[in-house]
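The primary structure of each chain is shown beneath.
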Amino acid sequence: MNKPKISASLICANPINLMDDFNQLIKSNVDFIHFDVMDGSFVPRYGLYPEILKSIKNNKNCPKVTTHMMVQNPEDYIELFADNGSDYYNFHLESTKHPHRIIKKIQSSGMKAGVALNPNTNIKELNWIIQDIEMVVLMTINPGIVGHKFIPEMYDKIKELRDFANKNENKNLIIEIDGGVPPNNVKQILKSGADALVCGNGTIFRPHEDSILNKVKKLKNIINES
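Please read these numbers as outputs of a predicted model, since none were measured by experiment.

**Q** How should the overall build of the protein be read in this particular structure?
**A** What the protein contains, in helices and strands, is seven helices and eight strands. Compactness check: the protein gives a C-alpha radius of gyration of 16 Å against a globular reference of 17 Å for 226 residues, within 12% of the reference. For the C-alpha atoms alone, the extent of the protein along its principal axes is close to 45 × 35 × 30 Å. Out of the 226 residues in the protein, the part that is buried amounts to 54%. The contacts of the protein with a sequence gap of at least 6 include a subset with a gap of at least 24, amounting to 64%. Surface summary for the protein: the accessible area is close to 11,000 Å², and the carbon and sulfur share equals 46%. Charge separation in the protein, taken as the distance between the mean sites of 27 positive and 26 negative side-chain charges, equals 5 Å.

So this is what it looks like as structure tokens:
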């Protein structure tokens, strides 16, 4: 299992003062920036766009960016996000009939390939591609819906995914959990086999409580106790 990582969900930052929040994320030494892209079709919302990605990647201290493509036809955007600096390109398995072809195109672009899975998607859908990917973004709420709670049955699914990856000789697979990750869930999520936590409004973006810097520090303390 990899060292636990914090993946800060940039879409939860203050859109008016986005760079101020981003600079706090850099100072707090988060491991990843989680970059949500939505098309209003695959999910009923719109997300971040490539120009924002390019802007944050201009900062030499920007963490690795894991792009989460909640879109139809994810193959169409590979070159665009590679050109703007994405490090990982995670597409939803449910959005395509040709995952292996997309993975190869991602790798050819210079990005690391990953997939995202909705809560009801069977882990066995990763057959034939599990050894070719470096990350799985495992949705623990329904994608694109704000405010939903972590689905308790997903603890077993995290463990199932970890066992499946190990069995198929991908022990370094990063399992990134996306959705409903408040502090009281963290220890059990990590114990189940996850590596990275997508952190948003439930954890680090809570200006009414404390600064991003302090919220990340508190979250790291919880992780270190796990």
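**Q** So what exactly am I meant to see when it comes to the nonpolar core here?
**A** For soluble globular proteins, nonpolar side chains are generally found buried alongside one another. Counting 64 residues, the largest nonpolar core has Leu10, Phe35 and Leu126 as its most contacted members. Here the element with the most residues in this core is helix α5 (residues 154-167); it accounts for six residues. By size, the runner-up hydrophobic cluster in this structure holds nine residues, among which are Tyr88, Ala116, Val137 and Met139.

**Q** Would you explain α5 in this entry?
**A** Residue pairs three or four apart in sequence face the same way in an α-helix, which turns once every 3.6 residues. In this model, α5 (14 residues) spans 20 Å end to end at C-alpha, consistent with the 20 Å of a helix rising 1.5 Å per residue. Considered for burial, the residues of α5 that qualify are Met154, Tyr155, Lys157, Ile158, Leu161, Arg162, Phe164 and Ala165. On the buried face of α5, the contacting elements are β6 (135-139), β7 (174-178) and α6 (186-192). Looking one or two places after α5, you find glutamate 169, whose phi comes out positive at around 60°.

**Q** I tried to follow the state of the cysteines on my own but got confused; where do I start?
**A** Applying the stated criterion to the full structure yields zero disulfides. Cysteine cysteine 62 shares no disulfide, and the gap to the nearest cysteine sulfur, in cysteine 199, comes to 16 Å. Given a relative accessible area of 12%, cysteine 62 falls into the buried group. Cysteine 12 supplies the cysteine sulfur nearest to cysteine 199, a cysteine that is in no disulfide, at a spacing of 9.7 Å.

**Q** Looking at this structure, I do not really get the sheet that holds strand β1 (residues 5-9). What am I missing?
**A** Adjacent strands of a sheet pair through backbone hydrogen bonds, lying either parallel or antiparallel. Taken together, the eight strands give a closed barrel; going around it, the order is β1-β2-β3-β4-β5-β6-β7-β8, and neighbouring strands pair in parallel fashion. The average undirected angle you get between the axes of adjacent strands in this sheet is 25°. Sheet topology note: the strand β2 (residues 32-38)/strand β3 (residues 64-70) ladder contains seven bridges and is parallel. Within β3, the position partnered with phenylalanine 35 by the bridge is threonine 67. Strand contacts of helix α2 (residues 50-57): β2 and β3, with the helix running at about 165° to β2, the strand carrying the most contacts. Of the strands in this sheet, β4 (88-92) and β5 (112-117) are in contact with helix α4 (residues 99-109), which crosses β4 at around 165°.

The rules behind these values
- Residues numbered from 1 in each chain as written.
- Predicted model: local features only at pLDDT ≥ 70, side-chain atom pairs only at ≥ 80, totals over all residues.
- Heavy atoms only, no water.
- Helix = DSSP H or I, 4+ residues; strand = E, 2+ residues; numbered from the N terminus.
- Rg over C-alpha atoms; globule rule 2.2 N^0.38 Å.
- Buried < 20%, exposed > 50% of the residue type's maximum accessible area, 1.4 Å probe, protein only.
- Contact = heavy atoms within 4.5 Å.
- Areas by Shrake-Rupley, 256 points an atom, 1.4 Å probe, with all protein chains shown as cover.
- Lys, Arg positive; Asp, Glu negative; His and termini not counted.
- Charge placed at Lys NZ, Arg CZ, Asp CG, Glu CD.
- Core = buried A, V, L, I, M, F, W, Y, C linked by side-chain atoms within 4.5 Å.
- Expected span 1.5 Å × (residues − 1).
- Disulfide = S-S within 2.5 Å.
- Pairing = 2+ DSSP bridges.
- Axes fitted to C-alpha atoms, helices over the stretch in contact; angles between N-to-C directions.

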